[in-house]
Amino acid sequence: MAREITPRDAGYRLAQGAVLVDVREDHERELGMAQGALGVARAELEAAPHRYLPGPDAEILLICQTGGRSLLAAEQLLRLGYQRVCSVRGGTLMWQAEGLPLTRPAGAVDEDFHERYSRHLLLPEIGASGQRRLEAASVVVVGAGGLGSPAAFYLAAAGVGQLRLIDDDVVERSNLQRQILHTDADVGVAKVESAHTRLSALNPRVTVEPVAERLDSANVERLIAEADVVLDGGDNFPVRYLLNDACVHLGKPLVYGAVHRFEGQVSVFDAGRERGRVPCYRCLFPEPPPPEAAPNCSEAGVLGVLPGVVGMLQATEALKLLLHVGEPLTGRLLHFDALAMRFRETRLAADPECPVCAPGVPFPGYIDYAAFCAG
């Protein structure tokens, strides 16, 4: 097992010619590293130590943030034949606490960025480059109610740079059981304004644009044209069909969510960018169900936490799409049964006869969606 030494002992050995290597990631070292240390991420060092170290007989000291990663890296180097390897106990935090000198890169360091998103930055799948990608991204959330509330909360917390919220409704007391963006003091206030206040307080780095408009055929393209991802947090079929058609036409991924009583659904419809390979919403529902078969929450009721679960799943899918990680729910419909606490999945195929997303089919234009859904 690799031996541990104190930061002061490490400093003395460094002065005597030992090689000190900081094995943290680049973004971690930006906040300061032990003076005299060489910065090489642990994975890079373990993969090719000969590129960075003088030889197997040299004295090698490894340091990280708290001592855990450097100890693991030291043990790996011992297995690779390096004979004089030690890990600095307590890492950079103890080095700093003992008053030993640190060096920082030239120029200003965005400490808020590093502190606020520190848990994202630790994930190799995200890291600093992924987090910067989120900051440059734009998401349109349609609806600031049951689904839009948790989705927008987590997208803002995650650091999505531009959030446009579209909703023409005002806060009612009956909303508060599930629409967690709003409080009792917001009753009578426009939902997008209440949401703007709450999200800006959560993360002032995010630009939140409230749009107090009803989405329709005349404004849909203007409102979603610049989005990287569109999230459907609406609660009615006309908006769902409108959003689907517009996203297919403009080539935007649409994150779908719906709730009913104790059950929810989530999917990603990306047929605009992958025609013929993945379905759109119309492939799943060519025609809307009759109103009596799909009453809204005000008629059928809904378990208050259910939109929270579904909205967070939608936020998860949006982040995956923005970061290009994982497997999105394209071609899959995820069902959630809150009473049974059970998830199941249905595979979806593109409809070759779909009037909107079939390959080679020109965009048919927008229709009277309210009349279409009224039957």
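Here the structure is a predicted model, which is why all the values come from computation and not from measurement.

## Details of helix α8 (residues 127-135)
Part 1: Considered for burial, the residues of α8 that qualify are Gly127, Gly130, Gln131 and Leu134. The arc enclosing the buried residues of α8, seen along the axis, measures out at 100°, which places them on a common side.
Part 2: If you follow the buried residues of α8, they end up packed against α6 (111-116), α7 (118-121), α9 (148-158) and α15 (306-323).

## What to know about the nonpolar core
Part 1: The biggest cluster of nonpolar side chains holds 40 residues, and the ones touching the most others in it are Val139, Leu155, Val160, Leu163, Leu165 and Leu199.
Part 2: It is α15 that provides the largest number of residues to this core, a total of 8 residues.
Part 3: In this structure, Leu215, Ala227, Ala246 and Ala258 belong to the second largest nonpolar core, which totals 26 residues.

## Quick look at the sheet that holds strand β15 (residues 342-347)
Part 1: The strand order β10-β9-β8-β11-β12-β13-β14-β15 describes an open sheet built from 8 strands, whose pairing is mixed. Each edge of the open sheet carries a strand with a single partner, namely β10 (207-211) and β15. For this sheet, the mean angle separating the axes of adjacent strands, direction not counted, is 15°.
Part 2: Pairing between strand β11 (residues 229-232) and strand β12 (residues 254-260): 2 bridges, direction parallel. Directly across from Leu231, in β12, lies its bridge partner Val255.

## Remarks on the side chain of Gln179
Part 1: Summarising the element assignment, Gln179 is placed in the loop between β9 (162-166) and α10 (191-202).
Part 2: If sequence neighbours within four positions are ignored, Gln179 has contacts with Ala144, Gly145, Gly146, Ser149 and Lys191.

## Some points on the packing of α9 against α15
For any two helices packed against each other, the geometry is given by the interaxial angle and the distance between the axes.
Part 1: Relative to each other, α9 and α15 sit at 40°, their axes nearing to 7 Å. By the criterion of interaxial angle, the relationship of α9 to α15 is oblique. Crossing geometry of α9 relative to α15 is assigned as right-handed. Residues Pro150, Ala151, Tyr154, Leu155 and Ala158 of α9 touch α15, and the partners they reach there are Pro307, Gly308, Gly311, Met312, Ala315, Ala318 and Leu319.
Part 2: In the contact of α9 with α15, the residues fall into 10 nonpolar, 2 polar and no charged.

## Brief notes about the pattern of salt bridges
Between side chains of opposite charge, a pair can form when the charged atoms approach closely.
Part 1: In this structure the tally under the stated criterion is 27 salt bridges.
Part 2: Between Arg13 and Asp9 there is a salt bridge, with its nearest N and O atoms 3.3 Å apart. With Arg13 and Asp9 both in helix α1 (residues 7-15), this residue pair falls 4 residues apart, about one helical turn.
Part 3: Given a relative accessible area of 17%, Arg13 falls into the buried group.
Part 4: Judged by relative accessible area, which is 25%, Asp9 ranks as partly exposed.
Part 5: Note that Arg104 is salt-bridged to Glu111, the shortest N-O span being 3.2 Å.
Part 6: We classify Arg104 as partly exposed; its relative accessible area is 48%.

Calculation notes
- Residues numbered from 1 in each chain as written.
- Predicted model: local features only at pLDDT ≥ 70, side-chain atom pairs only at ≥ 80, totals over all residues.
- Heavy atoms only, no water.
- Buried < 20%, exposed > 50% of the residue type's maximum accessible area, 1.4 Å probe, protein only.
- Helix = DSSP H or I, 4+ residues; strand = E, 2+ residues; numbered from the N terminus.
- Arc of directions from axis to C-beta.
- Contact = heavy atoms within 4.5 Å.
- Core = buried A, V, L, I, M, F, W, Y, C linked by side-chain atoms within 4.5 Å.
- Pairing = 2+ DSSP bridges.
- Axes fitted to C-alpha atoms, helices over the stretch in contact; angles between N-to-C directions.
- Parallel < 35°, antiparallel > 145°, perpendicular 65-115°, else oblique.
- Left-handed = near helix turned anticlockwise from the far one by under 90°.
- Nonpolar A, V, L, I, M, F, W, Y, C, P; charged D, E, K, R; others polar.
- Salt bridge = Lys/Arg side-chain N within 4 Å of Asp/Glu carboxyl O.

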